[in-house]
Amino acid sequence: MNAALALARQSKCPVVVAKLDRLSRDVAFIAGLMVQRVPFIVAELGADADPFMLHLYAALAEKERRIISERTKAALASRKTTGMKLGNPTNTAEAAAKGRKISIREADRFAQTVLPIITSIQRSVVAELGADADPFMLHLYAALAEKERRLISERTKAALASRKTTGMKLGNPTNTAE
């Protein structure tokens, strides 16, 4: 993501993300991008989203992150107090492999879902720039879109590999029957 943001800043081309919370769930980070004039487009909000709206959505995403964390911690604590053993002690390797496959498939599916949105934005940029648009800029937009799709998929795969090497249990800890 840092490379895409640096390239966007350098070339004055926007980074395109599907949803604002995929860019960050931190208001300060989003505000910092706007202050530094790093161009970005949130497909969900459209290319003409104003800074006020972006700040509101960033604040909501940050609040959502906190709520998710609190809810998860409370649910795990509740399960622990009832004596439930967390994790999947019976078939960890199989559950981890299954979890990785599902996560990779979902990441690839998400990337394919986002691609039409990115393509649509590219077309609107082409329409805005006109028929005599600089081919380099058009190529750059296409390259950034493809890079974003690849980064989403690669980031998910790397996170899963990292969790595997650290011994973190993957898969669904509540469903040990499968």
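Preceding this section is the structure that the text describes.
Worth saying up front: this structure is predicted, and the values here are computed from it rather than measured.

Some remarks on the overall build of the chain
For step 1, the next point in the chain: A count of helical and extended segments in the chain gives six helices and two strands.
For step 2, the next point in the chain: Taken from N to C terminus, the helices and strands of the chain fall in the order α-β-α-α-β-α-α-α.
For step 3, the next point in the chain: Taken over 178 residues, the chain has a buried fraction of 31%.
For step 4, the next point in the chain: Long-range pairs, those at least 24 residues apart, make up 69% of the contacts in the chain between residues at least 6 apart in sequence.
For step 5, the next point in the chain: Summing over all exposed atoms, the chain offers an accessible surface of approximately 11500 Å²; the carbon and sulfur share of this is 58%.

Quick look at the environment of Ile117
For step 1, the next point in the chain: Topologically, Ile117 is positioned in helix H5 (residues 92-129).
For step 2, the next point in the chain: For Ile117, a relative accessible area of 34% corresponds to the partly exposed category.
For step 3, the next point in the chain: Between the C-alpha atoms of Ile117 and Val17, which are 100 residues apart in sequence, the distance is 9.3 Å.

A word on the pattern of salt bridges
For step 1, the next point in the chain: Tallying each qualifying case throughout the model produces five salt bridges.
For step 2, the next point in the chain: Here Arg22 and Asp21 are joined by a salt bridge, their closest N and O atoms 3.3 Å apart.
For step 3, the next point in the chain: Judged by its relative accessible area of 43%, Arg22 falls in the partly exposed class.
For step 4, the next point in the chain: Put simply, Arg109 and Glu106 hold a salt bridge, and the shortest N to O gap is 2.4 Å.

Some remarks on a nonpolar patch on the surface
For step 1, the next point in the chain: A contiguous nonpolar patch, built from Phe52, Leu56 and Tyr57 and spanning about 320 Å² of accessible area, is present on the exposed surface.
For step 2, the next point in the chain: With respect to the helices and strands, Leu56 occurs in helix H4 (residues 51-81).

Describing unusual backbone geometry
For step 1, the next point in the chain: Of note in this structure, Arg37 is not a glycine but carries a positive phi near 60°.
For step 2, the next point in the chain: By relative accessible area, Arg37 is classed as exposed at 70%.

Describing H4
Think of an α-helix as 3.6 residues a turn; residues three or four steps apart then line up on the same face.
For step 1, the next point in the chain: Between its first and last C-alpha, H4 extends 45 Å over 31 residues, near the 45 Å set by a 1.5 Å rise per residue.
For step 2, the next point in the chain: Leu54, Ala58, Ala61 and Glu62 are the residues of H4 that are buried.
For step 3, the next point in the chain: Contact partners of the buried residues in H4: helix H2 (20-23), helix H3 (27-35) and strand E2 (40-42).
For step 4, the next point in the chain: Directly beyond the C-terminal end of H4, a positive phi value near 90° is found at Gly83.

Brief notes about the side chain of Ser24
For step 1, the next point in the chain: Structurally, Ser24 is set in the loop between H2 and H3.
For step 2, the next point in the chain: Under the relative-accessibility criterion, Ser24 is labelled buried at 12%.
For step 3, the next point in the chain: For Ser24, the side chain forms a polar contact with the main-chain nitrogen of Asp26, separated by 3.0 Å.
For step 4, the next point in the chain: Not counting the four nearest positions on each side in its chain, Ser24 is found in contact with Phe29 and Ile30.

Cut-off values and rules
- Residues numbered from 1 in each chain as written.
- Predicted model: local features only at pLDDT ≥ 70, side-chain atom pairs only at ≥ 80, totals over all residues.
- Heavy atoms only, no water.
- Helix = DSSP H or I, 4+ residues; strand = E, 2+ residues; numbered from the N terminus.
- Buried < 20%, exposed > 50% of the residue type's maximum accessible area, 1.4 Å probe, protein only.
- Contact = heavy atoms within 4.5 Å.
- Areas by Shrake-Rupley, 256 points an atom, 1.4 Å probe, with all protein chains shown as cover.
- Salt bridge = Lys/Arg side-chain N within 4 Å of Asp/Glu carboxyl O.
- Patch = residues over 30% accessible without salt bridge, like charges linked within 9 Å, V, L, I, M, F, W, Y side chains within 5 Å.
- Expected span 1.5 Å × (residues − 1).
- Polar contact = N/O pair within 3.5 Å; in protein donor to acceptor, adjacent residues only side chain to side chain.

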